[in-house]
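Residue-level listing of the chains:
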There are 2 protein chains.
Amino acid sequence: MTTLHSETELEALLRDIGARRYHRSHPFHQLLHGGRCSKGQVQAWALNRYYYQSKIPQKDANLIARCDDQELRREWRGRLRDHDGEVPNEGGIARWLKLTDGVGLDRDYVVSLRGLLPTTRFAVDAYVNFVREKSLLEAIASSLTELFSPGIISERIEGMLKNYDFVSADTLDYFAKRPPQAERDAQFALDYVKRHANTPEQQAAVLRALEFKCDVLWSMLDALYYCYVAPGHISPGAFVPKE
Amino acid sequence: MTTLHSETELEALLRDIGARRYHRSHPFHQLLHGGRCSKGQVQAWALNRYYYQSKIPQKDANLIARCDDQELRREWRGRLRDHDGEVPNEGGIARWLKLTDGVGLDRDYVVSLRGLLPTTRFAVDAYVNFVREKSLLEAIASSLTELFSPGIISERIEGMLKNYDFVSADTLDYFAKRPPQAERDAQFALDYVKRHANTPEQQAAVLRALEFKCDVLWSMLDALYYCYVAPGHISPGAFVPKE
């Protein structure tokens, strides 16, 4: 029923999923990067995306926890370091909080998670659970959206700096640091799945895992669009922009 | 029914559990440290204990995976580094393999886990599952056997070097490196449980967690004694000493 693809074919299928389903092409990103978001909409994006950032180390620890291969654990541990840093106020999560500070959000409010959209929480938690419960191969494959992130990040930095007077290069420090980490991590994960997806079933599972992860990111932007752009019905209890 | 203890009282109760239930006083350790084990019995001990060592990073990653507190994740990540190292052939697991090499075991055989006693596997897996499934407070409390390990380690190094001509200082490198790590980690965990066990129920859970962990270590030695000392009925499929 399903066929066994060569490694090159598998990579092409993964990249095709990225082209079709990665959130780079989501309407909310078009607005965000094109300078057509209000400050309140940018704040809502930064606030909700904070939850995603904050859960990534736990997602990665779940992967390490299931991993009998010491070499793979050691490699994957670098992701914990990248996000949590070695000391306070270092690492990806701290840099994301510079962004939420920079766009004028109260840090205690951001960290409290009180302003989150429920959809954000469900999507992010689904990702953490996926990594905890699916096969190790699928868990690794679900990280492959990083293959496509350097492109969106350069687009985002350029678009946001040009279009929003309330956004500075310092505020976007997260994105300046991220691409080399993402490229290294994505290449590792891609090599891993190409080497370890050796049956049609495993290859199909890998492709589904990447689709799932694209869905997670997409769902988060759907919710932002619905609640903060059009029709603009903010979920009860969630962040309400001041302006 | 239960009373709320002061932090000092709680620490005293934890130390009392150590005095009564830590595996330092297990008959197998008396033999091992007293020079009354055969080489085959030392090998069986090193081989089975390897499984415990090998699962510690996954145990710790399970703890990090459940931890919303970034500072705590960062602190606990040090344990992954201590055990897995930064590069191949470094860290606690690699040093344990120096020990299994040193006592004359084939490394591929050790790592294959084929020679494990079933009881070893069940006890170690119970520990990993405990950390994954119980409260974070209980997971941290279960690490508190480290409070008692520096004492047993100095006793072990001295006893094994003096009594076994097939054991060298280099073979025991694991134990030379371990006490300062264990002391630092145990002090952190002890401070944590003293600060966070704020109800009689939480304090009772912390005490039970340490008892559980003592039981894990004890069970492993019961199995070694039963199978390799007296009556000496080795479990089917498990390691059979050559001499």
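The preceding data block contains the structure.
Residues numbered from 1 in each chain as written. Chains lettered and ligands numbered in written order. Predicted model: local features only at pLDDT ≥ 70, side-chain atom pairs only at ≥ 80, totals over all residues. Heavy atoms only, no water.

## Let's talk about the overall build of chain A
Line of reasoning, step 1. When helices and strands are counted, chain A shows eleven helices and zero strands.
Line of reasoning, step 2. When the helices and strands of chain A are listed from N to C terminus, the series reads α-α-α-α-α-α-α-α-α-α-α.
Line of reasoning, step 3. The C-alpha radius of gyration computed for chain A amounts to 18 Å, which stays within 12% of the reference 18 Å derived for 243 residues, consistent with globular compactness.
Line of reasoning, step 4. Its C-alpha atoms give chain A principal-axis dimensions of about 55 × 40 × 35 Å. (Helix = DSSP H or I, 4+ residues; strand = E, 2+ residues; numbered from the N terminus. Rg over C-alpha atoms; globule rule 2.2 N^0.38 Å.)

## So, the packing of aromatic side chains
Line of reasoning, step 1. Applying the stated criterion to the full structure yields 24 aromatic pairs over all chains.
Line of reasoning, step 2. Ring geometry for Tyr109 of chain A and Phe239 of chain A: centres 6.3 Å apart, planes at 50 degrees, overall tilted. One end of the pair, Tyr109 of chain A, is in helix H6 (residues 107-112); the other, Phe239 of chain A, is in the segment after helix H11 (200-228), with 130 residues separating them in the sequence. Accessibility classification places Tyr109 of chain A together with Phe239 of chain A in one group, the buried group.
Line of reasoning, step 3. Between the aromatic rings of Tyr164 of chain B and Phe166 of chain B, the centroid separation amounts to 5.3 Å while the plane-to-plane angle is 45 degrees, which identifies the pairing as tilted.
Line of reasoning, step 4. Put simply, the rings of Trp45, Trp96, Tyr174 and Phe175 of chain A pair up and form one aromatic cluster.
Line of reasoning, step 5. Against the face of Tyr51 of chain A rests Arg121 of chain A, its NZ or CZ located 5.4 Å from the ring centre.
Line of reasoning, step 6. Stacked on the ring of Trp76 of chain B, the Lys or Arg Arg79 of chain B has its end atom at 3.6 Å from the ring centre. (Phe/Tyr/Trp six-rings, centres within 6.5 Å; stacked < 30°, edge-to-face > 60°. Buried < 20%, exposed > 50% of the residue type's maximum accessible area, 1.4 Å probe, protein only. Lys NZ or Arg CZ within 6 Å of the ring centre and 35° of its normal.)

## Some details on unusual backbone geometry
Line of reasoning, step 1. Cis rather than trans, the peptide bond between Ala230 of chain A and Pro231 of chain A has omega equal to 0 degrees.
Line of reasoning, step 2. Structurally, the position occupied by Pro231 of chain A is in the segment after H11.
Line of reasoning, step 3. With a phi angle near 65 degrees, Asn89 of chain B is a residue other than glycine that sits in the positive phi range.
Line of reasoning, step 4. Relative to the elements of secondary structure, Asn89 of chain B occurs in the loop between helix H4 (70-84) and helix H5 (91-102).
Line of reasoning, step 5. Taking relative accessible area as the criterion, Asn89 of chain B reaches 67% and is therefore assigned exposed.

## Details of the relation of the copies chain A and chain B
Line of reasoning, step 1. When chain A is fitted to chain B, the best match, at an RMSD of 0.0 Å, comes from turning it 180 degrees and sliding it 0.0 Å along the axis. Between the two chains, the operation in question is that of a two-fold axis. The position closest to the rotation axis in chain A is occupied by the C-alpha of Ala61 of chain A, lying 2.5 Å away.
Line of reasoning, step 2. When the interface residues of chain A are mapped onto chain B, 100% of them are again interface residues, pointing to one common binding face. (Least-squares fit on C-alpha atoms with pLDDT ≥ 70 in both. Contact = heavy atoms within 4.5 Å.)

## Describing the interface of chain A and chain B
How big an interface is tends to be stated in terms of accessible area lost as the parts join.
Line of reasoning, step 1. Of the residues lining the interface, 26 residues belong to chain A; the matching set on chain B comes to 26 residues.
Line of reasoning, step 2. Here chain A and chain B share six salt bridges between them.
Line of reasoning, step 3. Across the contact surface, chain A and chain B share 19 residue pairs in polar contact (both at pLDDT 80 or more).
Line of reasoning, step 4. Sorting the residues of the side of chain A that touches chain B by element identifies helix H3 (39-65) and helix H4 (70-84) of chain A as the ones contributing at least two each.
Line of reasoning, step 5. In terms of residue class, the side of chain A that touches chain B is made up of nine nonpolar, seven polar and ten charged. (Salt bridge = Lys/Arg side-chain N within 4 Å of Asp/Glu carboxyl O. Polar contact = N/O pair within 3.5 Å; in protein donor to acceptor, adjacent residues only side chain to side chain. Nonpolar A, V, L, I, M, F, W, Y, C, P; charged D, E, K, R; others polar.)

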